[in-house]
2 protein chains.
Amino acid sequence: MKNNTFKEIAEVLLGAGKVLIYPHINPDGDAIGSAAAICRTLRNLGKTAYILIEDEVPDNLKFLDKGYTTFDHKITEDVDVSLCVDCGDFSRLPAREEKFREGKVTVCIDHHGTTENFCDYNYVDPQAAATGELIYALIKEMGIVPDVETGEAIFAAITTDTGNFQYSNTTRNCHLIMAELFDIGVDTNKVSVEIYENERPEKLMITARAFSTIEIIGGGRGAVAHLTLKDMEETGARPFETDRIIENIRSISGVEYAAFIKEKEPGVIRVSLRAKRRGDVAKIAADLGGGGHVKAAGCTLYMPLDQAVNLIKEKMEEAIKAL
Amino acid sequence: MKNNTFKEIAEVLLGAGKVLIYPHINPDGDAIGSAAAICRTLRNLGKTAYILIEDEVPDNLKFLDKGYTTFDHKITEDVDVSLCVDCGDFSRLPAREEKFREGKVTVCIDHHGTTENFCDYNYVDPQAAATGELIYALIKEMGIVPDVETGEAIFAAITTDTGNFQYSNTTRNCHLIMAELFDIGVDTNKVSVEIYENERPEKLMITARAFSTIEIIGGGRGAVAHLTLKDMEETGARPFETDRIIENIRSISGVEYAAFIKEKEPGVIRVSLRAKRRGDVAKIAADLGGGGHVKAAGCTLYMPLDQAVNLIKEKMEEAIKAL
């Protein structure tokens, strides 16, 4: 797999009049932050640019969306560039594939190891902690000093995908970018408060319920928690309010494999998997029809919740034996 | 208040044979990280150096203590330098004051705004996010490139005191130090896993209990949670395992003032206070005989738990009215 250069991609964008930006489905901080940063940069240059989405932006990321996102495929026609960010194949933009293909030129900027070159221009760097790192480099290659709002979006992208600079994907480059964002006047605490200190009390209630289900398995090297549809209904928690529970489960001492299992609908079970230092959850997820990174992956199972919990425990026990 | 220069303090340390290092009572990541970094540096130079403590190092920070800490005041006599780190007055080293004064020269390196020059040599910088930042600068001023273990301790100090680079005290300099730590080969994720992913399940259980007591006050701008001695006994949680609950309470949307109130003994109530963006909890804590920073402070109340909860709620309501 050969990447284009940032210079080539910068030229494509600088030469374009109309750009549509495609973050992945169920967008996270890196997807929305990366998309917002490049959208703002293109608009500052006088271009027509929108972020075309197919699901709602999570509440805690809405502050990054300053009129950029739209569900409307007709928002602009004759698109010069279709740019997908943090999104490596059509399965990650399923309801937007046709529109994406309409772009005269297609470009992919991504950091997922599973991404293959599927666009006219591609820059895929699995060593990057976040797509936001790559977007930042691209903006600089375009000859532009990011403004404060662009910087805020870059901070959001990088801090969320690195677990606030704690995950093993964090690099020297992430911190150097942060130092530059301080130089341009980004108030990182303001952004952080928006992302992380904007929780509804219902989130803490659903978290409390999940914690009370924690089971330790594999001689202390695995931990599993689950939530039922009823838990969600009784607490009034929203789906994305359970997103970080899996990180808490992984934080248990000695745990190398963590799972959080959630009943989305009867018979539709979403599984989030994490490894700590030595494990590999990408393999477990792939075996079950899912995907992701070595340390963070997931899958959807179509079976009753208790069966799903048992299946995941079995898979984790096997993986733990192989440690 | 006038600081000495790092150069002057570096010369004092380079000229010393025996150094005792004093972190504050109930030491946190910055206190232990800073103390460990300078202790290791001094030992690498062939000097006798220990960290004299008066309470246990928290479990999740024990990995930083590679034979540095001691409770033994007789561990070394004729001490050349008594060096207190992250600790600004004798009330923060009460059981060690006499030994501290025995040092031929006393030095203070601290970042608390309430610290006054009380040593022969002082470097107090309230703009520093962590004392670890100052220790890092001092080590460089001594002409030494930190080794990996020193770097790990510096990372621990800075990441804990900045809330993983999210708090408003985080500076450009914090990130530049991090980039340098990557250069010397520090595995920040390894350190982070030790600090944050080393929780006992009991911690998640006590957290769940605290979350279930959350009360929202002041029209949504305040939140209070509490724990009883009985909660601690029934879950088997250890005292320091409730340390981060206050950050979760502050994370609630719209909350500017957060309090976590804990019954340590019947009639002895520990109160942790946090402000988000606009509040000032140092004032509330000072009014109640405590102290701390604008965004993070605390006090101890001597009254039954329910009275303490009511008193804190009153104080918070007053502060919220003044926002």
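Everything numeric in this text was worked out from a predicted model, so none of it was measured.

1. Concerning the sheet that holds strand 3 (residues 69–70) of chain A
Residues and elements named next belong to chain A.
Part 1 of the argument: Within the open sheet, the six strands sit side by side as 3-2-1-4-5-6. Their pairing is parallel. Of all the strands in the sheet, just strand 3 and strand 6 (121–124) have a single pairing partner and so form its edges.
Part 2 of the argument: Relative to strand 6, strand 5 (residues 105–110) is paired through four bridges, and the arrangement is parallel. Bridge pairing in strand 6 links I109 to Y123.
Part 3 of the argument: Together, strand 1 (18–23), strand 2 (48–52) and strand 4 (81–85) form the strand contacts of helix 2 (residues 29–44), whose direction differs from that of strand 2 by roughly 165 degrees.
Part 4 of the argument: Lying on the sheet, helix 4 (residues 131–141) is in contact with strand 4, strand 5 and strand 6; it crosses strand 5 at an angle near 125 degrees.

2. Quick look at the pattern of salt bridges
Part 1 of the argument: Applying the stated criterion to the full structure yields 51 salt bridges over all chains.
Part 2 of the argument: Through salt bridges with shared partners, a single network forms among A:E197, B:E247, B:R250 and B:R274.

3. Overview of the packing of aromatic side chains
Part 1 of the argument: With the rule as written, the count across this model stands at 11 aromatic pairs over all chains.
Part 2 of the argument: Judged by centre distance (4.8 Å) and plane angle (85 degrees), the ring pair of A:Y22 and A:F100 falls under edge-to-face. In this pair, A:Y22 sits in strand 1 while A:F100 sits in helix 3 (residues 97–102), placing the two residues 78 residues apart along the sequence.
Part 3 of the argument: For A:Y22, a relative accessible area of 0% translates into the label buried.
Part 4 of the argument: Ring geometry for B:F6 versus B:Y123: centroids 3.9 Å apart, planes at 15 degrees, classification stacked. Note that B:F6 is positioned in helix 1 (residues 6–14) and B:Y123 in strand 6 (residues 121–124), a separation of 117 residues in sequence.
Part 5 of the argument: Judged by relative accessible area, B:Y123 falls into the buried class, the value being 17%.
Part 6 of the argument: The residue whose ring lies beneath A:R250 is A:Y167, and the NZ or CZ to ring-centre distance is 5.3 Å.

4. Some words on the environment of A:F155
Part 1 of the argument: Locating A:F155 in the fold gives a position in helix 5 (residues 148–161).
Part 2 of the argument: Each C-alpha atom of the pair A:F155 and A:K315 lies 36 Å from the other, and the pair is 160 residues apart in sequence.
Part 3 of the argument: Other than its neighbours up to four places away in sequence, A:F155 contacts A:F165, A:M178, A:L181, A:T188, A:V191, A:S192, B:F165 and B:Q166.

5. Observations concerning the interface of chain B and chain A
Part 1 of the argument: Contacts between chain B and chain A engage 42 residues on the former and 41 residues on the latter.
Part 2 of the argument: Across the chain B/chain A interface, buried area totals approximately 3700 Å², and carbon plus sulfur atoms make up 58% of it.
Part 3 of the argument: A salt bridge links A:R277 to B:D187; the shortest N-O distance between them is 2.8 Å.
Part 4 of the argument: Here chain B and chain A share 27 residue pairs in polar contact (both at pLDDT 80 or more) between them.
Part 5 of the argument: Those elements giving two or more residues to the side of chain B that touches chain A turn out to be helix 5 (148–161), helix 6 (172–183), helix 7 (188–196), helix 8 (201–211) and helix 10 (245–250) of chain B.
Part 6 of the argument: The element that contributes the greatest number of residues to the side of chain B that touches chain A is helix 6 of chain B, accounting for seven residues.
Part 7 of the argument: Grouping the amino acids of the side of chain B that touches chain A by side-chain chemistry returns 17 nonpolar, 16 polar and nine charged.

6. Some details on the domain arrangement of chain A
Residues and elements named next belong to chain A.
Part 1 of the argument: By the assigned domains, chain A splits into domain 1 (6–196) and domain 2 (201–321).
Part 2 of the argument: For domain 1 and domain 2, the distance between their C-alpha centroids amounts to 28 Å.
Part 3 of the argument: Contacts between domain 1 and domain 2 engage six residues on the former and eight residues on the latter.
Part 4 of the argument: Contact between domain 1 and domain 2 buries roughly 580 Å² in total, counting both sides, with carbon and sulfur atoms accounting for 49%.
Part 5 of the argument: Joining domain 1 to domain 2, the criterion identifies one salt bridge.
Part 6 of the argument: Of the residues contributing to the side of domain 1 that touches domain 2, the split by class is two nonpolar, three polar and one charged.

7. Here's the deal with the pairing of strand 2 of chain A
All names here are of chain A.
Part 1 of the argument: Where strand 1 meets strand 2, four bridges bridge the pair, whose relative direction is parallel. Residue pairing across strands places V19 opposite A49, the latter belonging to strand 2.
Part 2 of the argument: In the classification by handedness, the crossover that spans strand 1, the intervening helix 2 and the parallel strand 2 is right-handed.
Part 3 of the argument: Bridge count between strand 2 and strand 3: two bridges; the pairing is parallel. Of the residues in strand 3, the one forming a bridge with I51 is T69.

8. Regarding the packing of helix 2 of chain A against helix 5 of chain A
Two packed helices can be described by the angle between their axes and the distance between those axes.
Residues and elements named next belong to chain A.
Part 1 of the argument: Orientation of helix 2 relative to helix 5, taken along the N-to-C sense of each, is 160 degrees, at an axis distance of 7 Å. The orientation of helix 2 relative to helix 5 falls into the category roughly antiparallel. Relative to helix 5, the crossing made by helix 2 is left-handed. Contacts between helix 2 and helix 5 pair G29, D30, G33, S34, A36, A37, R40 and T41 from the former with E149, T150, A153, I154, A156, A157, T160 and D161 from the latter.
Part 2 of the argument: Looking at the contact of helix 2 with helix 5, its residues break down into six nonpolar, six polar and four charged.

9. Quick word on helix 8 (residues 201–211) of chain A
Part 1 of the argument: Buried residues of helix 8 of chain A: A:K203, A:L204, A:I206, A:T207, A:A208, A:A210 and A:F211, and no others.
Part 2 of the argument: Contacts made by the buried residues of helix 8 of chain A are with strand 8 (222–227), helix 9 (229–235), helix 10 (245–250) and strand 9 (257–265) of chain A together with helix 8 and helix 10 of chain B.

10. Quick word on the sheet that holds strand 5 (residues 105–110) of chain B
Residue and element names in this part refer to chain B.
Part 1 of the argument: Taken in spatial order, the six strands of this open sheet run 3-2-1-4-5-6, and their pairing is parallel. Where the open sheet ends on each side, the last strands, each with one partner, are strand 3 (69–70) and strand 6.
Part 2 of the argument: Taken strand by strand, helix 2 (residues 29–44) contacts strand 1 (18–23), strand 2 (48–52) and strand 4 (81–85), and its axis lies near 165 degrees from that of strand 2.

11. Topic: unusual backbone geometry
Part 1 of the argument: Positioned with a positive phi, A:N164 is a non-glycine residue whose angle comes to about 55 degrees.
Part 2 of the argument: Mapped onto the secondary structure, A:N164 falls in the loop between helix 5 and helix 6 (172–183).
Part 3 of the argument: Residue A:N164 is classed as buried on the basis of its relative accessible area, which comes to 9%.
Part 4 of the argument: Although it is not a glycine, B:D78 adopts a positive phi angle of roughly 50 degrees.
Part 5 of the argument: You can see B:D78 is positioned in the loop between strand 3 and strand 4.
Part 6 of the argument: Judged by its relative accessible area of 56%, B:D78 is exposed.

12. What about the packing of helix 5 of chain B against helix 7 of chain B?
Residue and element names in this part refer to chain B.
Part 1 of the argument: Two elements in contact, helix 5 and helix 7, have axes separated by 10 Å at closest approach and are oriented at 55 degrees. Accordingly, the angle class assigned to the pair helix 5 and helix 7 is oblique. As helix 5 packs across helix 7, the resulting crossing turns out to be right-handed. Between helix 5 and helix 7, the contacting residues are E152, F155, A156, T159 and T160 on the first element and T188, K190, V191, S192, I195 and Y196 on the second.
Part 2 of the argument: In the contact of helix 5 with helix 7, the residues fall into five nonpolar, four polar and two charged.

About the thresholds
Residues numbered from 1 in each chain as written. Chains lettered and ligands numbered in written order. Predicted model: local features only at pLDDT ≥ 70, side-chain atom pairs only at ≥ 80, totals over all residues. Heavy atoms only, no water. Pairing = 2+ DSSP bridges. Helix = DSSP H or I, 4+ residues; strand = E, 2+ residues; numbered from the N terminus. Contact = heavy atoms within 4.5 Å. Axes fitted to C-alpha atoms, helices over the stretch in contact; angles between N-to-C directions. Salt bridge = Lys/Arg side-chain N within 4 Å of Asp/Glu carboxyl O. Phe/Tyr/Trp six-rings, centres within 6.5 Å; stacked < 30°, edge-to-face > 60°. Buried < 20%, exposed > 50% of the residue type's maximum accessible area, 1.4 Å probe, protein only. Lys NZ or Arg CZ within 6 Å of the ring centre and 35° of its normal. Buried area = accessible area lost by both parts, 1.4 Å probe. Polar contact = N/O pair within 3.5 Å; in protein donor to acceptor, adjacent residues only side chain to side chain. Nonpolar A, V, L, I, M, F, W, Y, C, P; charged D, E, K, R; others polar. Domains from an automatic or database assignment. Right-handed = clockwise from strand over helix to strand, strands pointing away. Parallel < 35°, antiparallel > 145°, perpendicular 65-115°, else oblique. Left-handed = near helix turned anticlockwise from the far one by under 90°.

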